[in-house]
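Secondary and tertiary structure notes
Residue strings, one per chain:
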Amino acid sequence: MLGSPDAEVRAQAAHSFFNQELDPKARGALLAVARSDADAKARGEAWASLADATEDAGIRGEMLAVLSDPARDVYERGGAAVGLYGVADREDVHPAIEKLYEEGGHARAKALEAMWRSLWPHYSKFFAAHIEDSDAAIARQALRGAGYFQLTRSIDKIAAYFDRDDDEDDLREDALFAYAMAMPGQTTRGRIRGMLRKIDDLAQLKPEEADLVMFALDERLRLHGLEPVFQDDASGEEEVEAPPPPAAAAKTGRNDPCPCGSGKKYKKCHGA
């Protein structure tokens with residue numbers, strides 16, 4: 001499908017490889033699309049899906065050159081920014097992402113996506129100002145960032161979206177995810193079900209929304225180095241209060257092994 005005559009199909013096909021382990025054939029096919037496809041969106045999606053290849057200095061250099069070239073289409077540059085999220089803390093990368101952010105519009109939305117996917121604390125300062133952005137694409141990425149960087153001070157702005165389920169931009173689910181990640185309270189396995197009840201009382205969760213919030217709460221636990229509570233849990237039994245994690249325990253980094261035990265890096269597993 002990467003060779004389809006339909007540009008939208010090529011773009012979606014390229015996107016399907018995002019955060020996947022790329023074998024040489026897939027990497028080569030994506031590089032061909034990224035370098036020479038006639039459609040900017042297809043090129044952008046291909047660059048984004050080459051995030052798995054940024055350890056290769058040559059590919060990383062190509063992506064940075066695309067991101068830094070103002071003559072390139074914004075969709076292509078935005079895709080390159082997302083593709084570089086795994087190395088977004090590098091001295092040669094983060095200034096280019098921040099410059100893309102300054103452009104506003106689609107460029108800002110993709111820069112914010114690259115920032116929250118990176119999990120680099122330096123970027124936490126960029127999200128609060130855009131939670132209520134009039135551009136829904138920017139607001140969506142700001143909500144994700146507010147969740148992953150646990151911007152508890154912005155929790156009321158996040159909760160304001162709970163009453164907007166009829167909004168054509170449909171940001172309620174993004175807000176529910178962000179709220180579960182950032183809501184006040186100590187992150188322990190014993191407290192996590194109480195957090196779910198509190199969100200349900202506040203937002204009157206639909207069944208599919210409850211599933212999303214449970215996933216977000218499990219994600220919150222993983223980021224604190226704790227085992228999930230709701231994943232594969234069919235018992236319905238209350239968890240016993242667990243002691244807080246040791247003070248020395250660090251949050252899971254994007255290149256650390258995923259706490260779920262899959263053997264993959266966090267950025268390619270539950271950090272995807």
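Look above for the structure.
What comes next is a walk through the structure. Since this is a predicted model, take the numbers as computed values, not measurements.

**Comments concerning the packing of aromatic side chains**
Taken as a whole, this structure holds nine aromatic pairs when the rule is applied. Ring plane angle 50 degrees and centroid distance 6.3 Å describe the contact between Phe18 and Tyr85, whose orientation is recorded as tilted. Placement of the pair is Phe18 in the loop between helix 1 (7-15) and helix 2 (24-36) and Tyr85 in the loop between helix 5 (74-83) and helix 6 (94-102), with a sequence separation of 67 residues. Across this residue pair, the class does not change: Phe18 and Tyr85 are buried. Connected via pairs of aromatic rings, a cluster forms that spans Tyr101, Trp120, Tyr123 and Phe126. One residue, Arg108, lies across the ring of Tyr101, its end atom 4.4 Å from the ring centre. A cation over a ring is seen here: Arg144 above Phe177, with NZ or CZ 4.4 Å from the ring centre.

**Re the packing of helix 11 (residues 192-203) against helix 12 (residues 207-223)**
Relative to each other, helix 11 and helix 12 sit at 145 degrees, their axes nearing to 10 Å. Helix 12 is crossed by helix 11, and the crossing has right-handed handedness. Here Ile192, Met195, Leu196 and Ile199 of helix 11 come into contact with helix 12, specifically with Val213, Met214, Leu217, Arg220 and Leu221. Among the residues making up the contact of helix 11 with helix 12, the classes are represented as eight nonpolar, no polar and one charged.

**With respect to the nonpolar core**
As a rule of thumb, soluble globular proteins bury nonpolar side chains together. Counting 88 residues, the largest nonpolar core has Leu50, Leu67, Ile97, Tyr123, Phe127 and Ile158 as its most contacted members. Here this core takes eight residues from helix 10 (residues 172-182), the largest share from any one element. The residues touching Ile158, leaving out its near neighbours within four places in the chain, are Ile131, Leu143, Ala146, Ala175, Ala178 and Tyr179.

**What about the pattern of salt bridges?**
As enumerated under the stated definition, the model contains 14 salt bridges in all. The closest approach of N and O atoms between Arg10 and Asp37, which form a salt bridge, is 2.6 Å. Within this pair, whereas Arg10 is found in helix 1, its partner Asp37 is found in the loop between helix 2 and helix 3 (40-49), the two being separated by 27 residues in sequence. Here Arg10 and Asp37 have matching classes, each one buried. Asp52 is the salt-bridge partner of Arg27, the closest N and O atoms lying 3.8 Å from each other.

**Digging into the layout of surface pockets**
Here the largest pocket is characterised by a volume of approximately 310 Å³. Lining the largest pocket are 17 residues; nearest its centre among them are His15, Lys41, Glu45, His106 and Lys110. Elements with a minimum of two residues in the lining of the largest pocket: helix 1, helix 3, helix 5 and helix 7 (105-118). Tallied by class, residues from the lining of the largest pocket come to five nonpolar, six polar and six charged.

**Description of helix 11**
Over its 12 residues, helix 11 extends 17 Å from the first C-alpha to the last, a length consistent with the 16 Å expected when each residue adds 1.5 Å. Every buried residue belonging to helix 11 is among Ile192, Arg193, Met195, Leu196, Ile199 and Ala203, and all of these are buried. Seen end-on, helix 11 carries its buried residues on one side only, within an arc spanning 155 degrees. On its buried side, helix 11 packs onto helix 10 and helix 12. Once helix 11 finishes, Gln204 follows within two positions and takes phi at roughly 50 degrees, a positive value.

**Let's talk about unusual backbone geometry**
Even without being a glycine, Asn19 presents a positive backbone phi close to 60 degrees. Position of Asn19 among the secondary structure elements: in the loop between helix 1 and helix 2. Overall, the relative accessible area of 10% leaves Asn19 in the buried class. Within the chain, Leu119 stands out as a residue other than glycine whose phi angle is a positive 60 degrees. Residue placement: Leu119 occurs in the loop between helix 7 and helix 8 (136-148).

Calculation notes
Residue positions are counted from 1 within each chain, in the order its sequence is given. For a predicted model such as this one, the threshold for reporting local features is a pLDDT of at least 70, and the threshold for listing and counting side-chain atom pairs is 80 or more; totals across whole chains, interfaces and linings nevertheless cover every residue. Excluding hydrogens and water, the side-chain values take into account all heavy atoms of the structure. Paired rings are identified among Phe, Tyr and Trp, the last through its six-membered ring, by centres lying within 6.5 Å, and are further divided according to the angle between planes into stacked (under 30 degrees), edge-to-face (over 60) and tilted (the rest). To qualify as a helix, a DSSP run of H or I must reach at least 4 residues; to qualify as a strand, a run of E must reach at least 2; elements of each kind are numbered from the N terminus. When a residue's accessible area, from a 1.4 Å probe over protein chains only, is under 20% of the maximum for its type it is buried; when over 50% it is exposed; and in between it is partly exposed. Two thresholds decide whether a charge sits over a ring: the Lys NZ or Arg CZ must be within 6 Å of the ring centre and within 35 degrees of the ring normal. Lines fitted to C-alpha atoms define the axes here, with helix axes fitted over just the stretch in contact, and angles between the N-to-C directions of these axes take values from 0 to 180 degrees. Note: crossing handedness is left-handed where the near helix turns anticlockwise from the far helix by less than a right angle, and right-handed where it turns clockwise. Only heavy atoms matter for contacts: two residues are in contact if any of them lie within 4.5 Å across the pair. Amino acid classes used here: Ala, Val, Leu, Ile, Met, Phe, Trp, Tyr, Cys and Pro are nonpolar; Asp, Glu, Lys and Arg are charged; the rest, including Gly, are polar. The nonpolar core is taken to be a set of buried Ala, Val, Leu, Ile, Met, Phe, Trp, Tyr and Cys residues, with the residues joined through side-chain atoms within 4.5 Å. A pairing counts as a salt bridge when a side-chain nitrogen of Lys or Arg comes within 4 Å of a carboxyl oxygen of Asp or Glu. Note on definitions: the grid is 1 Å and covers protein atoms alone; a cavity is a set of points where a 1.4 Å probe fits but cannot get out; a pocket is an open set with protein on both sides within 12 Å along at least five of seven lines; lining residues have an atom within 4 Å of a point. Grid points are joined across faces, edges and corners, and a volume is the space filled by probe spheres set on the points. To estimate the expected span of a helix, subtract one from its residue number and multiply by 1.5 Å. Along the arc lie the directions from the helix axis toward the C-beta atoms.

Read these as geometric descriptors, not functional statements.
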